[in-house]
Amino acid sequence: MGGANGKSGLRVWRNARLATMADGVAVLGIVEKGAIAARDGLIVYAGAEADMPASAGQGAETVDCEGRWITPGLIDCHTHLVYAGNRANEFEMRLAGATYEEVARAGGGIVSSVKSLREASEDELVAQTLPRLDALMAEGVTTVEVKSGYGLDLDNEKKSLRAARRLANERPVTVRTTCLAAHALPPEAHGGKDAFIDLVAGTILPDVAAEKLADAVDGFCEGIAFSPEQMARVFDKAKALGLPVKLHADQLSNLHGAALAASYGALSADHLEYTDEAGAAAMAKAGTVATILPGAYYFIRETKKPPVELFRRHGVKMAVATDSNPGTSPLTSLLLTMNMAATLFGLTVDECLAGVTREAARALGLLDKAGTLESGKSADLAIWDIERPAELVYRMGFNPLHARIWRGQ
Ligand code: DI6
Ligand code: FE
């Protein structure tokens, strides 16, 4: 790492305005006339240019940012990026009046993506996923979480997770993988949800863990998916295997998934449209991040909004992510996602920007390595042609990214 940056792998970005997003300091952690120094892919200084120790800049290759803004590289902490084909046909059905749940019950929905994914080779999956990853990266994404969940048997879940891991060999980006085997019931299970949970907990998770294919375990707790009791069995196994958990919770109804996730110390609970105050309080107590997914809310024309005010009142941290998936959120723009979170749910600019940086890192258990511009963290930067940070949230369909730096390069 860093050979291209001169002998010491040292690089400095100067004459920049920083939104460090550091926790605790004034909202965005703004530094006018700032500079960042990185050595071997790690930040060694981020702050006022005038205060930068001479040692930090000595012998460095220097980039003049000409007054541009630098934020942490963006983090998309909830995606189902690895899938095959698309579901534009179901979109047309829904335009003709069917609901997402009706489409799912009619054998469409997640199960139709399962069929497509099972037919695709691992190479095909990687090839079909890369354009989506490229779209995210073109807007400054430097870390992306990718879930399985369209395989729903041992071989196809592992194929999905291997394809996700391979994305990091194909592109300069950090990939975190999540095993979402408990996403939906595959057709061969013939309605046997408990037997399928036996397969997930008894076979799929232990095998995936043994091959180190997943960094976390997720599930879909919903009437059309799995009950809280079934999810608890999945989480018990994840815990026994030493894997952190997350949950698709309270998206279409209130099964008290947020509280369930919190009771397992989940990194995050995601969606949360139907979460109640007890759920928010439990999340706050457990330090479970609320991942807000406005793309799915928008795309399925949900009308119940997540209880943002409750999250604020209880001090629950909020992340913002695309939920990029073929059924409910065919969205590959984290900038547009921030606009939706602000416009649809009333998040502030500061909450949106924290949601795709610091809080997204927290939701992935990566806050010690990414998500803010601070010494010791990975030098993952997004450099923007903007006059003020609010522009990143305000525009729709415009990309002001000037440069994207991953691990100092
Ligand atoms: N909730 C969602 O919005 C996605 N998965 C989930 O658990 C939907 C995935 C799909 O429809 O393909
Ligand atoms: Fe999702």
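Residues numbered from 1 in each chain as written. Chains lettered and ligands numbered in written order. Predicted model: local features only at pLDDT ≥ 70, side-chain atom pairs only at ≥ 80, totals over all residues. Heavy atoms only, no water.

### Side note on the overall build of the protein chain
Note the following rule: Numbering of helices and strands runs from the N terminus; a helix is a DSSP stretch of H or I covering at least four residues, while a strand is a stretch of E covering at least two. Only the C-alpha atoms count toward the radius of gyration. The rule for a globule is 2.2 Å times the residue count to the power 0.38. Accessibility here uses a 1.4 Å probe with only protein chains present; expressed as a share of the type maximum, an area under 20% marks a residue as buried, one over 50% as exposed, and anything in between as partly exposed. Residue contacts follow a heavy-atom distance rule, with two residues in contact if any of their heavy atoms lie within 4.5 Å.
Helices and strands together make up the secondary structure of the protein chain, namely 16 helices and 15 strands. Computed over its C-alpha atoms, the radius of gyration of the protein chain comes to 21 Å, within 12% of the 22 Å expected for a compact globule of 409 residues. Seen along its three principal axes, the alpha-carbon backbone of the protein chain occupies a region of about 65 × 40 × 40 Å. Here the protein chain holds 409 residues, and 57% of them are scored as buried. A sequence separation of at least 24 residues applies to 72% of the contacts in the protein chain between residues at least 6 apart.

### Some remarks on the coordination of the iron ion (ligand 2)
We count it as follows: Because no water is among the atoms considered, metal sites can look incomplete, with donors defined as N, O and S atoms within 2.8 Å of the metal, or 3.2 Å for Na, K and Ca. Here the metal geometry follows the donor angles, with tetrahedral for four donors whose angles all fall between 85 and 135 degrees, square planar for four and octahedral for six when opposite donors are more than 155 degrees apart and every other angle is between 65 and 115, and irregular for all the rest.
Summarising the metal site, the iron ion (ligand 2) is bound by the protein donors His78 (NE2), His80 (NE2), His248 (NE2) and Asp323 (OD), whose distances to it range over 2.1 to 2.2 Å. Viewed at the metal, the 4 donor atoms of the iron ion (ligand 2) are separated by angles of 83 to 167°, and the geometry they form is irregular.

### Focus on the nonpolar core
Where we set the bar: In plain words, nonpolar cores are sets of buried Ala, Val, Leu, Ile, Met, Phe, Trp, Tyr and Cys residues tied together by side-chain atoms within 4.5 Å.
Counting residues in hydrophobic clusters, the biggest one holds 96 residues, and the most contacted among them are Val144, Met231, Val234, Met283 and Phe311. The residues contacting Val144, other than those within four sequence positions of it, are Asp76, Thr79, Leu81, Leu133, Leu136, Val173, Thr174, Val175 and Arg176. One finds Ala16, Leu18, Leu373 and Ile405 within the second-largest nonpolar core, a separate group that totals 14 residues.

### A look at the site of ligand 1
For clarity, the cut-off: Working definition: residue near molecule or strand if any one of its non-hydrogen atoms lies within 4 Å of it. Counting of polar contacts relies on pairs of N or O atoms within 3.5 Å, with two restrictions inside protein: one atom must be capable of donating a hydrogen and the other of accepting it, and residues adjacent in sequence are counted only when both atoms are side-chain atoms. All accessible areas in this document rest on Shrake-Rupley with a 1.4 Å probe, and a residue is counted as covered only by the protein chains that are shown. Each residue is assigned to one class: nonpolar for Ala, Val, Leu, Ile, Met, Phe, Trp, Tyr, Cys and Pro, charged for Asp, Glu, Lys and Arg, and polar for all the others, Gly among them.
Around ligand 1, 14 residues are found, and the nearest of them are Arg87, Tyr100, Tyr150, His183 and Thr328. The separation between an oxygen atom of ligand 1 and a polar side-chain atom of Asp323 is 3.5 Å. In the model, an oxygen atom of ligand 1 is placed 2.7 Å from a nitrogen or oxygen of the Thr328 side chain. Within the complex, 100% of the 320 Å² of free accessible area of ligand 1 lies under protein. In terms of residue class, the shell around ligand 1 is built from 4 nonpolar, 8 polar and 2 charged.

### Some points on the pattern of salt bridges
Pairing of side chains with opposite charge becomes possible as their charged atoms draw close. Our working definition: Any carboxyl oxygen of Asp or Glu that lies within 4 Å of a side-chain nitrogen of Lys or Arg is treated as forming a salt bridge with it.
For the coordinates displayed, the defined rule picks out 33 salt bridges. Note that Asp153 is salt-bridged to Arg118, the shortest N-O span being 3.7 Å. Pair noted here: Asp153 is in the loop between β7 (141-147) and α6 (154-170) and Arg118 is in helix α4 (residues 110-119), with a separation of 35 residues, a long-range link. Given a relative accessible area of 25%, Arg118 falls into the partly exposed group. Note that Arg118 is salt-bridged to Glu188, the shortest N-O span being 2.9 Å. With Arg118 in helix α4 and Glu188 in the loop between β8 (174-182) and α7 (193-210), the pair connects residues that are 70 residues apart, well separated along the chain. Relative accessible area serves as the criterion here: at 42%, Glu188 is assigned to the partly exposed category. Linked by salt bridges that have partners in common, Asp23, Arg358, Glu359 and Arg362 make up one network.

### Structural notes on the environment of Gln128
Structurally, Gln128 can be placed in helix α5 (residues 122-137). With 138 residues separating them in the primary sequence, Gln128 and Ala266 have C-alpha atoms 31 Å apart. Of the polar contacts made by the side chain of Gln128, one reaches the backbone nitrogen of Gly85; its length is 2.9 Å.

### Section: the packing of α7 against helix α8 (residues 228-240)
Note the threshold: Note on method: axes are straight lines fitted to C-alpha atoms, helices fitted across the in-contact stretch only, with angles between N-to-C directions ranging 0 to 180 degrees. Under this scheme an angle from 65 to 115 degrees is roughly perpendicular, one under 35 degrees roughly parallel, and one over 145 degrees roughly antiparallel; angles in between are oblique.
α8 packs onto α7 with a crossing angle of 10° between their chain directions and a minimal axis gap of 10 Å. Considering their axes alone, α7 and α8 lie roughly parallel with respect to each other. Here Lys193, Asp194, Ile197, Asp198, Val200, Ala201, Leu205 and Pro206 of α7 come into contact with α8, specifically with Gln230, Arg233, Val234, Lys237 and Ala238. Tallied by class, the residues present in the contact of α7 with α8 amount to 7 nonpolar, 1 polar and 5 charged.

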